[in-house]
Amino acid sequence: MSTSARARKAPTLLAAALLAVPATTAAAAAVPTPVEVASPGLYIVALERPDAGGRATALRAAQDDLLAEVGGPEVLYRYTSALNGFAAELSRDQVKQLRSHPDVVLVERSTTQRTDSVDSPEFLGADQAWAAAGGPEDAGRGTVVGVVDSGIWPENPSFSALPDASLTGPGGFSGECETGEQWDESDCNSKVVSARYFVKGFGEEDLAASEFLSPRDGTGHGSHVAAVAAGNHGVEVAVEGQEFGEASGMAPAARIASYKACWAAPDPADDGCATADTVAAIDQAVTDGVDVLSYAVSGASTSGPDAVELAFLNATAAGVFVATSAGNRGPGESTVAHTSPWVTTVGATTHRSSQGALVLDGDDEFVGAMISDEPVPETGIVLAGSAATATSSAEDARLCKPGTLDADVVQDQVVVCDRGIVARVEKSAAVAQAGGAAMVLANVRPDTVDSDFHAVPTVHVDVAAAEAIKRHVRETVDPRAAIDPTGSDDTPVPQVAHFSSRGPAEGDAAGVLKPDLTAPGVGVLSAVAPPSNGGRLWGQLSGTSMSTAHVAGLGALVMGERPGWTPAMVKSAMSTTADDVEGVSGPRSEGAGQVDAAEVLEPGLVLDAPVRRFRDWLAGRVETRNLNLPSVAVDDLTGTGRVVRRVTNVSGRSESYSVAVTGLDGLGVRVRPGTLTLAPGETRRFVVLVDRGSAQLETAAQGHLVWTGLRHQVRLPVVVTPRTLSAPPEAAGSGASGSVSFEALSGTDGQIDLSVTGLAGATPVGLTLEPGDFDPTAPQADADTAMFPVEVPSGTAVLRLELEGRDSDDLDLHLYREGELVASATGSGADEILTEVEPASGDYELYVTSAVAANGSTTTAQLYTWVVRDKDADNLTVAQSVPVTAGEPFPVDLSWQGLDPTSRWFGAVHYAGSEEHTFVTVN
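Residues numbered from 1 in each chain as written. Predicted model: local features only at pLDDT ≥ 70, side-chain atom pairs only at ≥ 80, totals over all residues. Heavy atoms only, no water.

A.B. asks: Which parts of the structure should I look at to understand the packing of aromatic side chains?
C.D. replies: Counted according to the given criterion, the structure contains 14 aromatic pairs. Consider the rings of F686 and W707, whose centres lie 5.0 Å apart with planes at 55°: the pair is tilted. With a gap of 21 residues between them, F686 in strand β31 (residues 683-691) and W707 in strand β32 (residues 701-708) connect regions that are remote in the sequence. By relative accessible area, W707 is classed as buried at 1%. Three or more aromatic residues link up through ring pairs in this structure, and these residues are Y864, W866, F906 and F919. Lying across the ring of W153, R216 places its NZ or CZ 4.5 Å from the centre. Over the ring of Y864 we find R904, and its NZ or CZ is 4.7 Å from the ring centre. (Phe/Tyr/Trp six-rings, centres within 6.5 Å; stacked < 30°, edge-to-face > 60°. Helix = DSSP H or I, 4+ residues; strand = E, 2+ residues; numbered from the N terminus. Buried < 20%, exposed > 50% of the residue type's maximum accessible area, 1.4 Å probe, protein only. Lys NZ or Arg CZ within 6 Å of the ring centre and 35° of its normal.)

Shown next, in the form of structure tokens:
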């Protein structure tokens, strides 16, 4: 057992982690040119200044110089630890200037993101991990968990002072207790060692009346997350007379540093966390010296690393373990958020069945979610829609809106309320107000079933059960019903929650397996804020936020016991010891599986990933598949793939391992060497060779590599997608008649059928504009903006819009359809391209805007517009069938003739069985 955390690294910016990638490199998308419209607003600006030496004063001086160059905009935050940059109110021209500045890595609009357990620690085996740490009173000792969320409610007993009277936390931690509304320094203690708040990005003027302008939690979300991660051990939990046992966080001896950056708004739809604030919170947390960051806030699914993810990279470089939420946008594919390989992204699973049953006429039983232990004897049952008051509509009553139920009809009855529009607990309150005995909450579409704290005993049922119940009530004379809180359908746990976001990761992170793993996130009981939770100290919440909190706490426990481990090693230990989840479709849903706290301290082997490798990945110097991650994801297998991994023995004894492959049906998989013997501390390398075999093309094969020793088992999830081919995105030629050839790579043997659309011709349209402002919410043609109508008929294969301008000018493209902005090209130069594949038919408007004129007065440019239809002129030819061999390049030979030399021509090559295209331009 350790008595102190790892030796803390100085909280300085590792500036080399932020690499400006030239747009001409293959990895340009790793730090993409932002595509949002450059309009006035709050932006996060990240710089790369390695010559600043990482010193905050030097970084601020460099920031001052840059700010002076663009006219001194109002600065809300300075970032000097997790990011080198600032958040500032910028005009359109300032945005454009900064995006073209050689010292600037990223200019990104601040956006507002949404925030995405009594027995869960025991369910995960935390009691065994606590025993290994010397007991719950020592589990996580010496570590600080930073929680970026909605604040904390300090009066909850989960946050009572620890026996250690120190208010500052472990050595090396330097957080503060910031005062504010209903919060002073006495609200911090030896448990909550620091509390700060960040609101400049969200705006004080946009806060709900119920919110606190201080670290005090206004919604309960942050308190819930903090208590799940590091709440005190053995806290008695009772809600409205019902006993729920003792609560504990995953690392009950860890300290908590609360960074409030998520806020309630007057309209709940506007609640959230401004990224300018959350980046400031991350930056401060790294400066303070936290060991772990819990970030249960949503993020983008498909874009490259943004300001938040880059801040996490520098936090990781400073030795901070970062746990993030996968998101609540499941069960669809490619909905997972926080896809950066340096964070641990957590999906949600069930951990217990809070169930009860509705019993109809003493016979039919319908099991649903229920938390109350109060039975309801047999009584009448009524559909809420038939119990409307004289002044209410049947539709409002069906939804059990407050005040819509007739007390004479529902008195002492079980009331069936449809889900939707009104909060679930408000529906049961409406039933209680009208004298109802119980409620059945009926899903009207596929969705989760939730066991909330209701005003009357409530069973929440799915669509199928809801329809059967309603049918029975309508068709039965004097139907009767009872509520049995012991009813259960013995659903196995854990299972991946319906709402939990799934992979695969897309965009720059394609080839990174996400989520990394799962943890309990359904019906987790933990601390909340009483003002927004009916006066209760405890509440039950669901979401990947709760899952993130479990993993953050477990991370603190591991770092307290293994102070020499890097964040990547902690992630690996969690991943390779995780357990399979019931009834899932493989690693794209569960990642490595559900964390197993009982095994995580003794993983046998770990995979470490130095931060410099992530920087190399951002710069395009390392393939995604060869990052040393505790998983394997090959998104683009054509022929044979090769993946390298390195494992280190972190046990105290030599051990030999042999490997086995499970799943991955149809693929040929070889691991070299097939056995490994490692002494304590020794690192060995192995190679995974994969070929398509008989696996289905364009379909992911999922499975595991399992290394088994005498004392340990190390399991890596594997996902491989064989592709039909890989082809270059663009090809170019010239001349009225001519040809061009290029090579594509085949993923299969036999023949590949090719086809073409186009070529379509376009003559340039010249335009001269004066630099000015453009409002994307109200576009109009004027001296700085030209508008061109674009008709896109049905059957259009490709729409290509290309602008060629003068060096050092800056022009942008904005494409609208029916008044809605559908695409923008807003780079820092004059040459812009927009390409829409299979666009919706209709009338479009293209706005060309001038931002900067090199001569100070006007910009000039030429616009080309190509609308390429499926049945365009037969002037581009290609061999219709080409023999191919898996893993080998094959030629694509294009030719054309009879083109008008006064036009430019555009078309596309299509490959049967693949979604890839090669666009062809002829000058």
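A.B. asks: Which parts of the structure should I look at to understand the sheet that holds strand β3 (residues 85-90)?
C.D. replies: Strand pairs in the sheet, formed through backbone hydrogen bonds, run parallel or antiparallel to each other. On the basis of which strands lie adjacent, the open sheet formed by four strands has the order β2-β3-β1-β4 and antiparallel pairing. Since the sheet does not close on itself, it has two edges, and those belong to β2 (75-79) and β4 (104-109), each with one partner. Each strand of the sheet is rotated relative to its neighbour by a mean of 20°, with strand direction disregarded. Sheet topology places strand β1 (residues 41-47) next to β4; five bridges connect them, and they run antiparallel. Note that in β4 the partner of Y43 across the bridge is R109. Helix α1 (residues 56-69) contacts β1, β2, β3 and β4 of the sheet and is inclined by roughly 145° relative to β2. Along the sheet, helix α6 (residues 275-288) makes contact with β1, β2, β3 and β4, crossing β2 at roughly 35°. (Pairing = 2+ DSSP bridges. Axes fitted to C-alpha atoms, helices over the stretch in contact; angles between N-to-C directions. Contact = heavy atoms within 4.5 Å.)

A.B. asks: Would you mind showing me how to read the state of the cysteines here?
C.D. replies: Chemically, a disulfide is nothing more than a covalent bond linking the sulfur atoms of two cysteines. Here the structure, examined in full by the defined rule, presents three disulfides. Here C262 connects covalently by a disulfide to C273, the sulfurs 2.1 Å from one another. Its S-S torsion of approximately 105° makes the covalent link between C262 and C273 right-handed. Taken together, the positions of C262 in the loop between β10 (255-260) and β11 (273-274) and C273 in strand β11 put the pair 11 residues apart, joining distant regions of the chain. No difference in accessibility class separates C262 from C273, as the two residues are buried. At a sulfur-sulfur separation of 1.9 Å, the disulfide partner of C400 is C417. Judged by the sign of its S-S torsion, about -80°, the cystine formed by C400 and C417 is left-handed. Placement of C400 in the loop between α8 (394-398) and α9 (407-410) and of C417 in strand β18 (residues 414-418) is noted, with a sequence separation of 17 residues between them. (Disulfide = S-S within 2.5 Å.)

A.B. asks: Looking at this structure, I do not really get a negative patch on the surface. What am I missing?
C.D. replies: Negative charge collects at one region of the surface, where E204, E205, D206, D267 and D270 lie side by side. Mapping D267 onto the fold places it in the loop between β10 and β11. Residue D267 is classed as partly exposed on the basis of its relative accessible area of 39%. (Patch = residues over 30% accessible without salt bridge, like charges linked within 9 Å, V, L, I, M, F, W, Y side chains within 5 Å. Areas by Shrake-Rupley, 256 points an atom, 1.4 Å probe, with all protein chains shown as cover. Salt bridge = Lys/Arg side-chain N within 4 Å of Asp/Glu carboxyl O. Lys, Arg positive; Asp, Glu negative; His and termini not counted. Charge placed at Lys NZ, Arg CZ, Asp CG, Glu CD.)

A.B. asks: How do you make sense of the sheet that holds strand β14 (residues 344-349) when you look at a structure like this?
C.D. replies: If you trace the seven strands from one edge of the open sheet to the other, you get β7-β10-β6-β12-β13-β14-β22, paired in parallel fashion. In the strand order of this sheet, the two ends are held by β7 (192-197) and β22 (517-520), each with one partner. Adjacent strand axes in the sheet meet at a mean angle of 25°, parallel and antiparallel pairs treated alike. Sheet topology places strand β12 (residues 292-295) next to strand β13 (residues 321-325); four bridges connect them, and they run parallel. Its bridge partner being in β13, Y295 is matched across the sheet by T324.

A.B. asks: How should I be thinking about the confidence of the model for the protein in this particular structure?
C.D. replies: For the protein, the average pLDDT comes to 89, and 94% of its residues sit at 70 or higher. Scored below 50 in pLDDT, residues 1-35 makes 99 contacts in the model with residues more than four places away or belonging to other chains. (pLDDT = per-residue confidence, 0-100.)

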